Structure formats: C-alpha cells, structure tokens
Amino acid sequence: MYDIIKHRRWYYIFSTLIIVPGLLIMLYSMLTIGTPFRLSIDFTGGSLWELRFSEPVAPGEMVEFFHSQGISDANVHTIGDENTLVIRTKEITPEEKVALMSAMEKQFGEKPEELQFRAVGPTVGKEVTRTAFIAVIMASLVILGFIIWAFRQVDHPFRYGVSAIIAMIHDVLVASAFFSLMGFISGWEVDALFLTALLTVIGFSVQDTIVVFDRIRENSRRRKGESFEVIANRSLLETVQRSVATQINAMFVMIALLLFGGVTIRQFIATMFIGMLSGTYSSIFIATPLLVSWQNHEGVFGWFHRDKKKSQSKKAATA
Amino acid sequence: MQSRNNIILVILIILVALATYIALPIDHFDWFKKMVAPHQDGPQALTLRLGLDLQGGTQIQLEPDLPSGQKATDEQLDLARAIIERRVNGLGVNESLVQTGKDRIIVALPGVDDPDAAIETLRGTGQLEFVDLGDNPERLGAGDEINTSNGPAENPTTDTVYETVMTGDKLKNVDVRRDPNTQKPYIAFELTPEGSKIFGEYSGKNIGKFLAIVMDKTILSAPVIQAKITDAGQITGNFTLDEAQNLAIQMKYGALPVPLKVVDVRTVGPSLGEDSVRRSLLAGTIGIIVVLLFMLAFYRLPGFLADLALLSFVSFNIALYKIIPVVLTLPGIAGFLLTTGTAVDANILIFERMREELRAGRSLPSAVEAGFSRAWTSILDSNLSTILTGLILLYFGSNFGASVVQGFAITLIIGVLVSMFTAVFATRTFMRFIIQYFAEPLKDKLSWFSV
C-alpha cells in the first residue's frame, strides 16, 4: 500500500512555500495601496462606466475629457478592443451622468453605446465591506459546527473540525493570494462576486475533506486493530480516485466557462478554479495529514499535550 | 421489491418527461400553466426569467435623503414605495419590480431602453394636476386613472380625456387643519398669483361640479367645488387625519413623503446581456457534453445511466426555475453548472464504491446496493456543507451586490437538492432495473462496470 501520510512534512513545506509568498504579495499590497487586494467600487463606492465607441478612443483622451468636466479622478482603460473603454471615477449622480453623456456626444462626435454602468454610494460600500466580513466568519463557524456535529461519534470530533477548517483557510489563502497577484498583473478588483467565489471555495473545500473524513470514520469502525495512521492512509487511497475524477469534472465545466463564458464572470470562475484545485489538494495533503499529526502529537500539536504519556498509553491499549 | 422498482421507474420517467416539457422553450397550454404554476399569471407564466445582467436593464437603490440623525419612518418608506411603484408602472416596463429592504427602495427595470430617463422619472417630483370632471358622469373617485389634456394615462379607467385646469406647480402652500366645530380634518392650500387667476376664473364658473386632484394621472380625491376659490382654498372630505396628511404631503412634495437619493445604480446594456446569454449557453453546453463523455468513458454502463440522470438533472432544474420562478443571472448560471459537478460527484462516489465491492468479490446485485448505501452518508454530509454555505450566501447576499450573489446561491441550493434526487434516487432506480433483467448476462461482463 502506498504511504501518502508518511511524507506529510513535505506537504506542509510545499503549502508553506505557496502560502508565504502569497501572504507577502498581500502584505506588499497592504503597504502600497492600503488593502490586501484592489477593491472594486462595491466596497469603496464610486462609478464604473463601460462604453463602446464605433472608433478607437485613447484612454488618455477620455481622462482629459473627464478632467474638463470637473472630474479629476477618472481612471480609464480599454477592455476587449480599443473601442471599448472602462472608466472608473468617484460616484456619478444621475444628473451628472446625463450631462456627461451629452458633453461626450459633442466632444467625440457620437453617442457611445452604454454596455454597463454602476454607481455605488459610499455608505453602501461601507456596509458591503462589513457584511462581507461577517459572512466569511459566519460561514467558517457554521461549517466548523457542522463538522463537529457530523463527526460527533468519533474520538475527538473537534480535531476533525479544526483540521477541516485549517484546510479551508489554506484554500482561502491560496485563492486570495492568486487574486491579489492578479491585481498587480491585470488590475483585478475584489467585488461581490469574489466573495461569492471565496464562500463557494469554502463550501466545496469542506465537501472534499468530509468525503475523506467520512471514510476514516467508517474504516476506524471496521478496522479497530490498525493504527490511526494506517487507517487514514487507507482512507485516502480509497477516496483518491473519486477526488481526482470529481476534480476533473469540475475542471471541465470551469474551463468551458473560462474559455467560452461571459467576460464579466471570468475572474469569478478563475478564483473558484484555483480555490477548488487547492481544495482537492488540501483535503488529501493537508486536512488528513494534520489529523494524523495531531493524533500523534507532532510538532505544534505536542505543545497542547503535557499529558502526552497518558494519551500515548491509551493509544497503545487500542493498538 | 422488483415490481415496486418498476413502478418507481415509470413514475420517474413520467416526471422527467413532464420536467422536460416544462423546460422546453415553447408556449405551453394555458390550462397546463394554470395547473403547474397557479401562482403565476399572464404571459410570463412558465417562461425562463432572465436577470438584468442577461437581458439588459437597470437596478436602482434609493435611500431617504434626510439630515443625519433623522430616519424615515416605515410608513413614509411604504408610501414612497407605493408612489415609486406607480411611476414604474407608468414607464410600461415588463417585469419591473419595486421592493423595500433595509431603509431602501430597490427598483429593477429589466430591458428598459433609456435607463437615465427612467431614473429621472422615478426621482422627479410627481405631476399634480387639478382636473375638471364636470358632473362626474362616470362616477370616478380616488384610485381611478384618467387621461388628461396634459397627457394620456398608462392604464386609464375610461377612455375619456378630461380637461386639466391647473398643474401642481401653481400651489404655494399645503396644510392639514381641523374644522374647529366638527374636528374633521381638511386640507388648506394657497395659490401663487398666476394660480389664483386661473383657479378663481374656473371655480367661479363651476360651483357644484366635480374637481379631481390627480397625481401622476391617478385620482387622489374628487371633491365638489363649494365656492369660488382665488388665492386660498380648502379640500374637505370624509378622510381621517392620516389620509389628509398623506394627501397634503403628496400635493406638497409632488408625491414623495421623503426626498430620495440614488445610492446604487447598476445598468447593463442589452448587447452585453445578449452576449452573456450566448456565451453562457455555449459554455454550459460544452461543459455538460464533456462531463457526459467523461462519465461514459470512465464508468461505462453505470456512467451511461449517470448521463441519463444528469440530463434529467438539467431538465428538472430548468423546470424548477420556471415554476418557482427563479430569475436567472450570470452567476446563477455558473452556480447551476457547478452543481452539475456535484451531481456527477455523487455518482462518482457511488460507482467507486461499487467498483471496490466488485473487486472485493461481491456479486453484482449486492455490490450495486452496497455502493449506493455506503456512499450515501458521504454524499449527504458533503452536500449539507454546500447547502449551508448556500444559505449563508442567500442570507448575506441581500447586502452585498444584491441580486448577483443571491442568484448564485439560489441555483446552487436548488442544484444540490435536485442532484441528490437524480444522482442518487434516479440512478439507483435505473440501476436496479438493469440488474433485475440483465444480472445474468452481465455477470461475465464486469468490464462494463469498469472493473
């Protein structure tokens, strides 16, 4: 039987090598722009305008136009082709918008097609930030509670819950770091959909972990003579094909959405894609090894157990 | 047991056929619409509803614009909502929606041609008119909509066009007072000099005739002219103090009991919406076809049955969207497609289990049953965690980005629930049917089960 669990230190190191640079990117982002990600107007308030002209319009020209209209903070870039501009500014009121549109018609000689417009007031932005925070915390707590409840019949259900949550945080960090990095590379901004992606990653990450834990629960009952490490390893091997098959299927759907789906949800899908990839990895290489490390009181987990001898003798008795 | 499975299979096939019929983009029979979706009516019944991001349109959130520290009362907000709703109806936008939530009024205008003009109409002070009803032969009263010489109404009660005497901009002041003798409330109003001239002339000639006070073409009140009115007048009637105050507020502020400001606008142009629909459809079709092929290649015969289950999964979902009804958004479609993954995952869990049992030397029928029963706890536990996440998204979704997040959460939850039905129950029924009639010939063909 191949021993996955044995190499757990390497998995911890591998994940650290991914997550630490990720945290550094977010830290760098904190230092340069004040937040770990670029925030969209959903959080900061402001306006976003996507306009399509029949001929190419230089972003600089548009910035100048907004400046002449008394809006000095316009940030303009093209999207898709050179005819389509995305303009981000402070919040534009409906009256200002009508005035801007007619002035634009005069300046550029045509009325551009309005693909999208979004305006968010500052109070709405603050509220969104707050509820988003609460939602992520709530989701984590509910899931922790759920796992402790679902595994209430095994020894140490709390350990299952915490291991699953650590794996989940692992995935959230990976997805967040990816997003933060893309913020630097392609200017991605966190919006309501990013949060949705994160919460979905949380849900699916735990789903993968539960399937493995479920098998451990079942095997613990059926194979009382084996050590926990062997049981955990067996459970991993028995579920690994399912994890891979399921992941491949989810990847098909998400790749199809990435390649052919709407532009507006591309960042959403990409974040989910990275998060879920990490979710499958962490359910095999983080959650279950952590459970074993904890059961064996290795490293950090040993610190909590001064009565190590007692529990070890207990383990010997069950073995 | 065996005949029971056959009965279940027949019921299942009927259900799938029904769901597929509902899911088809055709105009269903009226009696069928009434039977399947009695809570829906009109031409919208049993059609797939698309959100603003897919069909284009505008969503606006309005908030009372009051000095800090002051808050609008629920009554004020409700009244404002009712007035906004009337104006929205006046715009003639199909499927428009006005809701209040968290001190805000949320207006959705799908497919509106000129969003800026629409916002203007919503926020503008309503148009107040004094309209000559003559002897009121049609017995019009509060709540009726009429055409006036100033412009036609959206849904007039009668076809008659009544003469507008004066518009609301010639009012100087409006107040509620009580009759010192009877304590009955009445509305007192003052007119501008120009208004005095018009109104004095008209009222002097029409004593005993009916005069309608009309807001946005809807009659608020239709009192009888008692005397010639020049610079100031009163409206008496059988109203309570609250009613009188509401009427006075509407006359004074043009309609809205509190001034409103726009705090959130989301507009999607129709061409972007169309593009999104086309792309989602393509992405969804390709994604599902690849998954179907994968299952067939990987799990052979059970994979084929899972494919049938997945196709019915698609039908059931679309049918439910139409029956409930669910407004489909772009993230909503993504949520649905993700749950096709969940549906297939349940089948994968079952088939892997089945394969293990077959390898362990179990007979085909008992391996099949064991596969389903052993995989069930994993499926249930893992799906519950997704549903919990979905519920949290649904709860908080009303706060961030409004419909965007909720649309995703709803299709995610529905998809997970339906997947448990199709991937577990339907696949098992198909499987039992096969085992029942083909267990013997299949015994030597375990490769069909990818063992």
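What counts and how
Residues numbered from 1 in each chain as written. Chains lettered and ligands numbered in written order. Predicted model: local features only at pLDDT ≥ 70, side-chain atom pairs only at ≥ 80, totals over all residues. Helix = DSSP H or I, 4+ residues; strand = E, 2+ residues; numbered from the N terminus. Rg over C-alpha atoms; globule rule 2.2 N^0.38 Å. Buried ≥ 20, exposed ≤ 12 C-beta atoms within 10 Å, placed from the backbone. Contact = placed C-beta atoms within 7 Å. Domains from an automatic or database assignment. Axes fitted to C-alpha atoms, helices over the stretch in contact; angles between N-to-C directions. Parallel < 35°, antiparallel > 145°, perpendicular 65-115°, else oblique. Left-handed = near helix turned anticlockwise from the far one by under 90°. Nonpolar A, V, L, I, M, F, W, Y, C, P; charged D, E, K, R; others polar. Pairing = 2+ DSSP bridges. Expected span 1.5 Å × (residues − 1). Arc of directions from axis to C-beta. Core = buried A, V, L, I, M, F, W, Y, C linked by C-beta atoms within 7 Å.

Asker: Can you tell me about the overall build of chain A, naming the residues and giving the values?
Answerer: When helices and strands are tallied, chain A shows 11 helices and 4 strands. Rg of the C-alpha trace for chain A: 25 Å, well past the compact-globule value of 20 Å for 319 residues, more than 25% over. Burial status across chain A gives 45% buried among its 319 residues. Pairs at least 24 apart in sequence give 76% of the contacts found in chain A among residues at least 6 apart.

Asker: Which residues make up the overall build of chain B, and what are the values?
Answerer: Scanning chain B from terminus to terminus reveals 11 helices and 14 strands. Over its C-alpha trace chain B gives a radius of gyration of 31 Å, far above what one expects of a compact globule, namely 22 Å for 451 residues. By the burial criterion, 44% of the 451 residues in chain B qualify as buried.

Asker: Break down the domain arrangement of chain B for me, citing the residues and quoting the values.
Answerer: What the domain assignment reports for chain B is domain 1 (2-47 + 269-449), domain 2 (57-123 + 261-266) and domain 3 (128-255). Taken over C-alpha atoms, the centre of domain 2 of chain B sits 26 Å from the centre of domain 3 of chain B.

Asker: I'd like a description of the packing of helix α7 (residues 192-222) of chain A against helix α10 (residues 364-397) of chain B, backed by residues and values.
Answerer: Their axes nearest at 9 Å, the elements α7(A) and α10(B) cross at an angle of 160 degrees. Our classification of the angle between α7(A) and α10(B) gives roughly antiparallel. Seen along the crossing, α7(A) lies across α10(B) with a hand that is right-handed. Contacts between α7(A) and α10(B) involve T196(A), L199(A), T200(A), I202(A), G203(A), F204(A), V206(A), Q207(A), I210(A), V211(A) and D214(A) on the former and, on the latter, T377(B), S378(B), D381(B), S382(B), S385(B), T386(B), T389(B), I392(B) and L393(B). Broken down by class, the residue content of the contact of α7(A) with α10(B) amounts to 8 nonpolar, 10 polar and 2 charged.

Asker: Residues and numbers for unusual backbone geometry, please.
Answerer: Here the amide bond leading from I324(B) into P325(B) is cis, since omega sits at -15 degrees, within 30 degrees of zero. Positive phi, close to 55 degrees, is recorded for H297(A), a residue that is not glycine. Positionally, H297(A) belongs in the loop between α9 (266-295) and α10 (300-303). Although it is not a glycine, R300(B) sits at a positive phi angle of roughly 55 degrees.

Asker: Tell me what's going on with the interface of chain A and chain B, and back it up with residues and numbers.
Answerer: Counting residues at the interface gives 61 residues for chain A and 57 residues for chain B. Elements with a contribution of two residues or more to the side of chain A that touches chain B: α4 (94-108), β4 (113-120), α5 (122-150), α7, α8 (228-260) and α9 of chain A. Among the elements that take part in the side of chain A that touches chain B, α7(A) stands out by supplying 14 residues, more than any other. Residues of the side of chain A that touches chain B, tallied by class, amount to 36 nonpolar, 15 polar and 10 charged. Two strands pair when backbone bridges link them, and β4(A) and strand β13 (residues 260-268) of chain B are joined in this way by 5 bridges, in the antiparallel orientation.

Asker: Tell me about the sheet that holds strand β7 (residues 161-167) of chain B, and please be specific about residues and values.
Answerer: All names here are of chain B. Ordered by their spatial adjacency, 5 strands build an open sheet running β6-β7-β5-β10-β11, and the pairing between neighbours is mixed. Either end of the sheet is taken by a strand with one partner, and the two such strands are β6 (147-148) and β11 (218-221). The pairing of strand β5 (residues 128-134) with β7 spans 4 bridges and is antiparallel. Across the sheet, residue F130 finds its bridge partner in β7, namely M166. Along the sheet face, helix α7 (residues 241-252) touches β5, β10 (210-215) and β11 and points at about 130 degrees away from the line of β11.

Asker: Summarise the sheet that holds strand β12 (residues 232-235) of chain B; cite the residues concerned and give the values.
Answerer: Residue and element names in this part refer to chain B. Strands sit in the order β8-β9-β12 across an open sheet of 3 strands; the sheet is antiparallel. Both edges of this open sheet fall to β8 (171-178) and β12, since each of them pairs with a single strand only. Strand-to-strand twist across the sheet, computed as the mean angle between neighbouring axes with direction ignored, equals 25 degrees. As judged from the 4 bridges shared by strand β9 (residues 185-191) and β12, these two strands associate in the antiparallel manner. When the bridges of β12 are listed, E190 appears paired with A232. Here α7 sits on the sheet and contacts β8 and β9; the angle it forms with β8, its principal contact strand, is near 175 degrees.

Asker: Tell me about α7(B), and name the residues and values.
Answerer: Residues and elements named next belong to chain B. With 12 residues, α7 extends 16 Å between its outermost C-alpha atoms, agreeing within 8% with the 16 Å of an ideal straight helix rising 1.5 Å per residue. Those residues of α7 that sit buried are A244, L247, A248, Q250 and M251. Relative to the axis of α7, the buried residues are bounded by an arc of 165 degrees and lie together on one face. Exposed residues lying more than 90 degrees from the buried face of α7 are L241 and D242. Looking at the buried positions of α7, the neighbouring elements they touch are β5, β8, β9, β10 and β11.

Asker: Before we move on, could you go through the domain arrangement of chain A and cite the residues and values that matter?
Answerer: What the domain assignment reports for chain A is domain 1 (5-37 + 124-318) and domain 2 (46-120). Computed over C-alpha atoms only, the centres of domain 1 of chain A and domain 2 of chain A are separated by 42 Å.

Asker: Could you give me a rundown of the environment of G151(B), with the residues and numbers involved?
Answerer: Mapped onto the secondary structure, G151(B) falls in the loop between β6 and β7. Sequence separation between G151(B) and D216(B) is 65 residues, and the spatial gap between their C-alpha atoms is 9.9 Å.

Asker: Kindly report on the nonpolar core, identifying the contributing residues and their values.
Answerer: When a protein is soluble and globular, its nonpolar side chains tend to lie buried together. Ranked by size, the top nonpolar core spans 175 residues in total, and within it A164(A), L198(A), V201(A), I202(A), V253(A), V107(B) and A334(B) carry the most contacts. If near-sequence neighbours (up to four positions away) are discounted, A164(A) is found in contact with I147(A), V206(A), T209(A), F213(A) and A287(A). Within the second largest apolar cluster, 27 residues are counted, among which are L140(B), F189(B), L191(B) and M215(B).

Asker: Outline the pairing of strand β2 (residues 75-79) of chain A, listing residues and values.
Answerer: All names here are of chain A. Sheet analysis places β2 next to strand β3 (residues 81-89), joined by 5 bridges and oriented antiparallel. By the bridge assignment for β3, N75 is matched with R88. Taking the residues between adjacent antiparallel strands as the criterion, β2 and β3 are bridged by 1 residue, where G80 takes a positive phi near 75 degrees.

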